[in-house]
Amino acid sequence: MSVVPTAPEQPAGEMENQTKPPDPRSDAPPEYNSHFVPGPPGTAVPSPAGYPGGLPMGYYSPQQPSTFPLYQPVGGTHPVQYQPGKYPVPNQPVPITWMPGPTPMANCPPGLEYLVQLDNIHVLQHFEPLEMMTRFETNNRYDIKNNSDQMVYIVTEDTDDFTRNAYRTLRPFILRVTDCMGREIMTMQRPFRCTCCCFCCPSARQELEVQCPPGITIGFVAEHWNLCRAVYSIQNEKKENVMRVRGPCSTYGCGSDSVFEVKSLDGVSNIGSIIRKWNGLLSAMADADHFDIHFPLDLDVKMKAMIFGACFLIVSLLFLSYPERIVLSDGEEAV
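Calculation notes
- Residues numbered from 1 in each chain as written.
- Predicted model: local features only at pLDDT ≥ 70, side-chain atom pairs only at ≥ 80, totals over all residues.
- Heavy atoms only, no water.
- UniProt positions renumbered as here; feature names shortened; annotations may be inferred.
- Pairing = 2+ DSSP bridges.
- Helix = DSSP H or I, 4+ residues; strand = E, 2+ residues; numbered from the N terminus.
- Phe/Tyr/Trp six-rings, centres within 6.5 Å; stacked < 30°, edge-to-face > 60°.
- Buried < 20%, exposed > 50% of the residue type's maximum accessible area, 1.4 Å probe, protein only.
- Lys NZ or Arg CZ within 6 Å of the ring centre and 35° of its normal.

- An unreviewed UniProt entry lists the protein under the name Phospholipid scramblase, with Macaca nemestrina given as the organism.
- Under the Sequence similarities (unreviewed entry) heading, UniProt states for the protein: "Belongs to the phospholipid scramblase family."
- Reading the Cofactor (unreviewed entry) entry of the UniProt record for the protein gives the comment "Ca(2+)".

1. A short note on the pairing of strand β10 (residues 258-263)
Inference 1: Judged from the three bridges that link them, strand β9 (residues 241-246) and β10 form a sheet pairing that is antiparallel. Across the sheet, the residue bridging to Arg-246 is Glu-261, located in β10.
Inference 2: In terms of strand pairing, β10 meets strand β11 (residues 270-277) through six bridges, oriented antiparallel. Directly across from Ser-258, in β11, lies its bridge partner Arg-276.

2. Concerning the packing of aromatic side chains
Inference 1: This structure, assessed with the given rule, holds four aromatic pairs.
Inference 2: On the basis of an interplanar angle of 75° and a centroid distance of 5.6 Å, the ring pair of Tyr-114 and Tyr-153 is categorised as edge-to-face. Residue Tyr-114 is found in helix α2 (residues 113-116), and its partner Tyr-153 is found in strand β3 (residues 151-157); the two are separated by 39 residues along the sequence.
Inference 3: The class of Tyr-114 is buried, set by a relative accessible area of 5%.
Inference 4: Where Tyr-153 meets Phe-308, the ring centres are 6.4 Å apart and the plane angle is 35°; that geometry is what we call tilted. Here Tyr-153 is found in strand β3, whereas its partner Phe-308 is found in helix α6 (residues 301-318), with 155 residues between them in sequence.
Inference 5: Given the relative accessible area of 1%, Tyr-153 is considered buried.
Inference 6: Ring pairing ties together the aromatic residues Tyr-114, Tyr-142, Tyr-153, Phe-308 and Phe-312, which thus form one cluster.
Inference 7: In this structure, Lys-239 is placed above the aromatic ring of Phe-220, and the distance from its NZ or CZ to the ring centre is 4.8 Å.

So, in structure tokens, the structure goes:
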């Protein structure tokens, strides 16, 4: 019987050192030899019906309709503070619904086609908290809406800071009326009138000029002296009286509306009205007025624009509130 020679046996520790090099990482996982051999690529399987291709099961593409709310990750390091699809996105402007634009009409100034279709408009003044806190007057802004809460025009005051805060209610101003396209379709200008002389003097009466389109005068709104109430006349481009506006005896009634009646020159026919709505404490403490303007549907569109302009002369003379200064005993001033 023959004996096959074998190599001398070595300790187990020395054998491991010969078959495996030392690993510099003490906590490295052990190495395993994989016997898996990848095969040839198979044919693509079409996506199941109802799921967009290329996305895992349960995910939806923005192009595919779905009954589930779509989650879109928000960039940045700030965490999501609300459930997507349930609450409105913060700092997102509220969409404005505009009145559908009418077709151009003959014998109608461009931009006034909206008024042809309306017999009632709402003038909503923007509330400015900064004015209440700092007593610094800013440019007034107004939203003009119809009964369906659709935006018709936007009115913006264009006056410098010094003029607004130095002259207050007596300041001259320019109001620019723009439509949904941002086009200036009407301009209202109030010149400065000195009130140092007698109030009944014609040079001291306040006046508003209405231009539509800008640069073409269509009429004036003139103030008239009256001992008991506010009275205005609406004039055409030749300064001929066409209508009269007659206000209430007191415009500071707490809890009630102030109605300004638009009448014919003889005072018999009632043409329309300008109503200042009572808005609670905002009406008494801040500039946040709400006016309703009524006129006949078949009234000449230029006269509708003139009644619309008369509202802003009334606002500037009677309803622009400012904190009054009260002189204390030590000479300091308080609001």
